[in-house]
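Okay, here's what each chain looks like letter by letter:
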Amino acid sequence: MPHPAFSAALSLAVAATALAAESPLPPPVDFNRDVRPILSDNCFKCHGFDPGTRKAGRRLDTREGALAEKDGVRAVVPGKLDESDAHVRIHSTDKDEQMPPPKSGKKLTPAQIAVLDKWIGQGAPYAVHWAFVKPQQAPPPKAGNPIDAFVLARLEREKLSPAPEADKYTLCRRLYLDLIGLPPTPEEADAFVSDASPDACEKLVDRLLASPHYGERWARRWLDLARYADTNGYEKDRERSIWPYRDWVIGALNAGMPFDQFTIEQIAGDLLPNATREQRVATGFHRNTMLNEEGGIDPLEFRFLAMTDRVGTTAATWLGLTVQCAQCHTHKYDPIPQREYYQFMACLDNADEPDLDLPAPDAAAQEKARAEKLAKRLAELPDKFPVETGAQWEPLKPVRIETASGEQAKLLDDGSALFTAPGAEKDTYTFTVETNAASVGQLRLEALADASLPTGGPGRVAHGNFVLTEITVTAAPKNAPAQTQPVKLVRAEADAAQPNFPVEQAIDGQPGTGWAIETEGKWNVSRTATFTFEKPVVFPGGTRLTVRLEQQYGKQHT
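Residues numbered from 1 in each chain as written. Predicted model: local features only at pLDDT ≥ 70, side-chain atom pairs only at ≥ 80, totals over all residues. Heavy atoms only, no water.

## A word on the side chain of Gln-551
- Mapped onto the fold, Gln-551 is located in strand 14 (residues 543–551).
- Here Gln-551 falls in the buried class, since its relative accessible area comes to 5%.
- Among the polar contacts listed, one links the side chain of Gln-551 to the backbone oxygen of Val-467, at a separation of 3.5 Å.
- Setting aside its immediate chain neighbours within four residues, Gln-551 contacts Lys-426, Asp-427, Tyr-429, Phe-466, Val-467, Leu-468, Thr-469, His-557 and Thr-558. (Helix = DSSP H or I, 4+ residues; strand = E, 2+ residues; numbered from the N terminus. Buried < 20%, exposed > 50% of the residue type's maximum accessible area, 1.4 Å probe, protein only. Polar contact = N/O pair within 3.5 Å; in protein donor to acceptor, adjacent residues only side chain to side chain. Contact = heavy atoms within 4.5 Å.)

## Points about the environment of His-213
- Secondary-structure assignment places His-213 in helix 11 (residues 212–225).
- The exposure class of His-213 is partly exposed, given its relative accessible area of 32%.
- With 41 residues separating them along the chain, His-213 and Asn-254 place their C-alpha atoms 8.5 Å apart.
- Among the polar contacts listed, one links the side chain of His-213 to the side chain of Glu-216, at a separation of 2.9 Å.

## Some thoughts on the pairing of strand 13 (residues 527–538)
- Bridge analysis of strand 7 (residues 439–447) against strand 13 gives eight bridges, and the strand direction is antiparallel. The residue of strand 13 that forms the bridge with Leu-445 is Ala-529. (Pairing = 2+ DSSP bridges.)

## Topic: the nonpolar core
- Core analysis: the biggest nonpolar cluster contains 27 residues, and Leu-468, Ile-471, Trp-515 and Phe-531 have the highest contact counts within it.
- Counting only elements with at least two residues in this core, the list comes to strand 6 (427–435), strand 7, strand 9 (470–477), strand 11 (489–494), strand 13 and strand 14.
- Take this core: its biggest share by element is four residues, from strand 13.
- Ignoring sequence-local partners within four residues, the contact set of Leu-468 consists of Leu-445, Ala-506, Thr-513, Gly-514, Trp-515, Phe-531, Leu-549, Glu-550 and Gln-551.
- Judged by nonpolar contacts, the second largest core, of 24 residues, contains Ile-38, Leu-60, Ala-66 and Val-76. (Core = buried A, V, L, I, M, F, W, Y, C linked by side-chain atoms within 4.5 Å.)

## Considerations on unusual backbone geometry
- Going from Met-99 to Pro-100, the amide bond is cis rather than trans, its omega being -5°.
- With respect to the helices, strands and loops of the structure, Pro-100 is situated in the loop between helix 5 (85–91) and helix 6 (110–121).
- A positive phi angle is found at Asp-237, which is not glycine, with a value near 50°.
- Within the element layout of this structure, Asp-237 appears in the loop between helix 11 and helix 12 (243–254).
- With a relative accessible area of 35%, Asp-237 lands in the partly exposed category.
- Unusually for a residue other than glycine, Asn-274 sits at a positive phi of about 50°.
- Residue position: Asn-274 is located in the loop between helix 13 (259–268) and helix 14 (277–282).

This is how it looks when you write it as structure tokens:
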């Protein structure tokens, strides 16, 4: 009679065969596609790469480890389910024998058990991760378009039929969206549908592949892998100028650069003999890490974070592997020892990080053009502002001075009017002046300091400041002074203004605002304000102006 354990294993094998019959299994089972995911998710943590967490000295991540004999038992005996300890344990209902152990929280499904049994029965072949296998050209299943041949062969294997051919409008839209990411215009779609030539589709594909939008559309996918961004991330998230790398990727795709060259130039373009500027730009792949510019950071800490980011991104992009686990310990699911992780990191950490100055090829011509444009604009300025640059200023002596308070001003020899302290709390001055000029476009008010005054001027408050609440002007012909008309003031400029008291407030029509002159504690300085008319006042026989100065701030700010 057979040994009881052998009988149990045999019955389990029969159950597994029945189970496999219920769930169709791939013929044959492929290790990387069908088996590795099961072992990685359920077994490698305790029986994998990391010796620090390996249980019972048993390895399942390598064929040598799985076939090794330990205490007279082998986990896997190729082609012999009844002698394979792994087979017995995955079918066992004994909590002390069952794998994965119940306390792990993991449990194999019947379909997964069937896959493992079939794999052992087929000889338990192992294969390394695809990322470590050199790609090889696979011959097409039969003649014709290679892509179609592969697709048709798989459809036949799955007993499926191809979908019916789409109409030409649908084909046109698919090609545009797939190749350049933009839909066709109605005219472009109509042109394709109207093209009855047998190679109409091929011609459209060639045209779209030649479009610059092709590189833009497909560069997005690569730039996502390269974590490209126009800002630094982290706290301030300032702009970064790394767009030449983005343009390099787009250009490489549009030029049909071979993938091996595409890889070499991004990984180490600056190390190539006689590296070109473009090849050095390509290494911008490594410069897309986030940058922290907050004041209290430790720069070395964030340089370390940048290095770990480069290691992880480079491995994920080119190897299709997550290597970050090995930053803290040997990887539990992939063959990445911790030592190899830091060897990889040292390679990147020892690299220089120069900033590339990348002027445009025609930078000198652009600079010359800008200089010529600037000289031309400066030469045109007098024509742009004829009132400002062509004004001829004429001092005007008042014909009459009136005040709301009744105060009398002293007219000095230079034409200025002197108001002595203390003056009224508030006041309004009205000056009448005349000029023989036929056209007047601006009026300038000069508020003068005077050492003879107790305040030193130009204002009559104790420190010498003043507030001009509002200035209004009327004009009339000199020979017909009764024919007055209001003058609209549209711009005000001053050589100094107190914060919150700009000179523009002297012409804003608001009685609660005005122009004052205190700047950095300086009051006793003569100040000038210029007011521009909306349009010049023109009287051939000369002009009479009546200027009204409202000073309603109070406290002798006159």
